[in-house]
Structure formats: structure tokens, C-alpha cells
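# Structural characterization, general
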Amino acid sequence: MISLSQLQKMKQQGEKIACLTAYDATLAHWVAEAGCEVILVGDSLGMVVQGHRTTLPVTVDEMVYHTQMVQRGNGHAWCIADLPFMSDADLPTVLQSASRLLKAGGANMVKLEGAERVLPMIVALSDLGVPVCGHLGLLPQSVLKNGYRVTGRDEASAQILLEQALAVEAAGAEMLVLECVPSPLAAKITEALSIPVIGIGSGAQTDGQVLVLTDMLGLTVGKAPKFSKNFLAEANSIQDALQAYVFAVKNAKFPSPEYEV
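Residues numbered from 1 in each chain as written. Predicted model: local features only at pLDDT ≥ 70, side-chain atom pairs only at ≥ 80, totals over all residues. Heavy atoms only, no water.

## Examining the overall build of the chain
Assigned secondary structure in the chain consists of 11 helices and eight strands. Its C-alpha atoms put the chain at 50 × 40 × 35 Å along the principal axes. Look at the contacts in the chain between residues 6 or more apart in sequence, and 63% of them connect residues 24 or more apart. Summed over its atoms, the accessible surface of the chain is roughly 11,200 Å², and 54% of this surface lies on carbon and sulfur atoms. (Helix = DSSP H or I, 4+ residues; strand = E, 2+ residues; numbered from the N terminus. Contact = heavy atoms within 4.5 Å. Areas by Shrake-Rupley, 256 points an atom, 1.4 Å probe, with all protein chains shown as cover.)

This is the structure in C-alpha cells:
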């Protein structure tokens, strides 16, 4: 099983980290077999599995259920589970939610979105021995308020995002996801932090990459995100497509400039 210390060592040595989402045992097995060091059980399942328009309807019970399935199929990857919308509304709620994802779901780490509001929660979780992944940039759980947009384009917002990333790390987070952040800013944040930074739509200079599994297999319903590539289009099987994705991430061939936001 990949450990957190191994992921941290990969950052230190400049080795790229490959991550994909998964929601069931079979695909989790093949994602891990392809060489992904990290599997994210994302609340994106609300859209790609359940058919909702946003991630907001997903519950803790559903996240526990899907994490259990993923961990039955996962051979060795580090498994991160999303804390779904409103499961981090306050400190008692986030502690209970995280406990369920780790104890019942079998996750190795929990991920929560945001900055200032969640800093005390990151501190509390970290103090209790819970590995925490932060999430900055585009925040899917805030889509009704903020929409789907790139963040950090101007100097002022870029400085805020950098300060937020440093604060999330200082609070005790041991990994960070940056979503839809301009590549130069993502590179600056990655260099400033000692923890692994995983990008999605944030250029190739982060420590690793993550995509939603259905997007990288060309199974997106509707318009695919600009930052996603269909790896199945040039592959003979899903297994080959997964291996092609891992190879491209590991060799810094993905994302190339045309997939930057």
C-alpha cells in the first residue's frame, strides 16, 4: 500500500504523482493496477454516477458506501475520500463525518474544500491523526454561489490563493488539490508548499495530476472539461487508456498546453 510518506518523498524527488477518481471495486482495481499512486473517491459521483447536476446532493452515507467498494478493489493506492457538501458545516459534524469515512469507509485520507472557514477543522482533524487533503481554486461545492470558473487570474486573487494554500498547509493538511488555477500560479504554489500538490486543470507544474475517470475515458455526458483528455480514443482498451494516462502524467506529457484553462 502506498503511504503518505512515500507520496511526500515523491514530491521531494520530483517524481510525478498519478491520481484518478474511482467509485467502485472493478475500476478501482484497474486504476491501481495501471500505476496510479492515489485514488480519489470524489463527490463527483453525484454527477457521473447518480446523474445529478451538481455534487451537492451527495451524502456521507453514499460516500462511505462508495469508499468501501473502492477499497475492496484497490490493491495498493492511497485512497482519499471527499467530505461531501455540509458534512463540514461545523467542527462536531466534520469530526463525525471524517470518522465514518475512515472507520466505516476505509479511506486513508479525507478531503475538504475551502480556506479560512475550514482551517480550524484541519487543525482538529490533524491533531486526531486524520490525514487531510485541502482543495482550493474552483470549489464544486460552492458552485451555486461562485459558478464554475478559473480563480487566481489577477494579481490580487493570485496572492490570496497563495496565502490560502500556505495557511492550509500550516493548519496540518498533508496534501492539496488545486482546481482550475492558472498554470504559473499553480507552479508558484507547488514550489512554496512542502506537501504534495495535485492539479486538475492547473497546468503541468504541480506535483501530480487528477482527472475524473469518466472524463479521461471519453464518457462525459455533455461537454467535457477543457482540461480533460480522452485517453481511450487512442487506446485498445480501458486498461491501456489508464496506463497511457499514468505514463503521460509520470513523464510530464499531460497536461500539455492545449489542456490548460
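## A few points about the side chain of Asp82
Inspection of the secondary structure puts Asp82 in strand E3 (residues 78–82). Judged by its relative accessible area of 4%, Asp82 is buried. (Buried < 20%, exposed > 50% of the residue type's maximum accessible area, 1.4 Å probe, protein only.)

## Some words on the pairing of strand E1 (residues 17–21)
For E1, a buried count of five out of five residues is recorded, marking the element as mostly surrounded by other parts of the structure. What you see with E1 is no split at all: Ile17, Cys19 and Thr21 on one side and Ala18 and Leu20 on the other are buried throughout. By the bridge criterion, four bridges tie E1 to strand E8 (residues 208–211) in an arrangement that is parallel. Its bridge partner being in E8, Ala18 is matched across the sheet by Gln209. Across three bridges, the pairing between E1 and strand E2 (residues 38–41) is parallel. Each bridged residue has a counterpart across the sheet, and for Thr21 the counterpart in E2 is Leu40. (Pairing = 2+ DSSP bridges.)

## Comments concerning the layout of surface pockets
Considered as a void within the structure, the largest pocket measures approximately 950 Å³ in volume. Taken together, 37 residues line the largest pocket, and the ones lying closest to its centre are Met47, Tyr148, Val212, Asp215 and Pro225. Elements with a contribution of two residues or more to the lining of the largest pocket: helix H3 (45–48), strand E4 (109–113), strand E6 (175–179), E8 and helix H10 (213–216). Roughly 610 Å³ of volume is contained in the second largest pocket. Around the second largest pocket sit 26 residues that line it, and Gly114, Gly137, Leu139, Ser142 and Asn146 are the ones nearest its centre. Contributing elements (two or more residues each) for the lining of the second largest pocket: strand E5 (132–137), helix H7 (143–146) and helix H8 (155–171). Here the lining of the second largest pocket takes four residues from H8, the largest share from any one element. A class-by-class count of the residues in the lining of the second largest pocket yields nine nonpolar, 10 polar and seven charged. (1 Å grid on protein atoms, 1.4 Å probe; cavity = no way out; pocket = protein on both sides within 12 Å on 5 of 7 lines; lining within 4 Å. Points joined across faces, edges and corners; volume = space filled by probe spheres on them. Nonpolar A, V, L, I, M, F, W, Y, C, P; charged D, E, K, R; others polar.)

## Notes on the packing of helix H4 (residues 60–73) against helix H5 (residues 91–103)
When two helices pack together, their arrangement is given by the angle between the helix axes and by the axis-to-axis distance. Here H4 crosses H5 at 20°, and the two axes come no closer than 9 Å. The orientation of H4 relative to H5 falls into the category roughly parallel. Pair H4 / H5 crosses with right-handed handedness. Together, Val60, Asp61, Met63, Val64 and Thr67 of H4 and Ser97, Arg100 and Leu101 of H5 make up the contact between the two elements. Here the residues of the contact of H4 with H5 sort into four nonpolar, two polar and two charged. (Axes fitted to C-alpha atoms, helices over the stretch in contact; angles between N-to-C directions. Parallel < 35°, antiparallel > 145°, perpendicular 65-115°, else oblique. Left-handed = near helix turned anticlockwise from the far one by under 90°.)

## A look at the pattern of salt bridges
Evaluation of the coordinates by the stated rule reveals six salt bridges. With a shortest N-O distance of 2.7 Å, Lys11 and Asp207 are connected by a salt bridge. Of this pair, Lys11 sits in helix H1 (residues 4–13) while Asp207 sits in the loop between strand E7 (197–200) and E8, placing them 196 residues apart in sequence. A single burial state applies to Lys11 and to Asp207, both of which are buried. The network of salt bridges with common partners includes Glu15, Glu37 and Lys250. (Salt bridge = Lys/Arg side-chain N within 4 Å of Asp/Glu carboxyl O.)

## Concerning the sheet that holds E1
One key point about sheets: their strands pair by backbone hydrogen bonds, in either a parallel or an antiparallel sense. If you trace the eight strands once around the closed barrel, you get E1-E2-E3-E4-E5-E6-E7-E8, paired in parallel fashion. Ignoring strand direction, the axes of neighbouring strands in this sheet form an average angle of 25°. Two strands pair when backbone bridges link them, and E2 and E3 are joined in this way by four bridges, in the parallel orientation. Counterpart to Leu40 in the pairing with E3 is Ile80.

## Description of unusual backbone geometry
Here the bond from Phe254 into Pro255 is cis, since omega is 0°, no more than 30 degrees from zero. On the secondary structure map, Pro255 appears in the segment after helix H11 (238–250). Within the chain, Cys180 stands out as a residue other than glycine whose phi angle is a positive 55°. Relative to the helices and strands, Cys180 resides in the loop between E6 and helix H9 (183–192). Here Cys180 falls in the buried class, since its relative accessible area comes to 6%. Its identity as a non-glycine residue notwithstanding, Ala252 has a phi of 55°, on the positive side. With respect to the helices, strands and loops of the structure, Ala252 is situated in the segment after H11. You can call Ala252 partly exposed: its relative accessible area is 44%.

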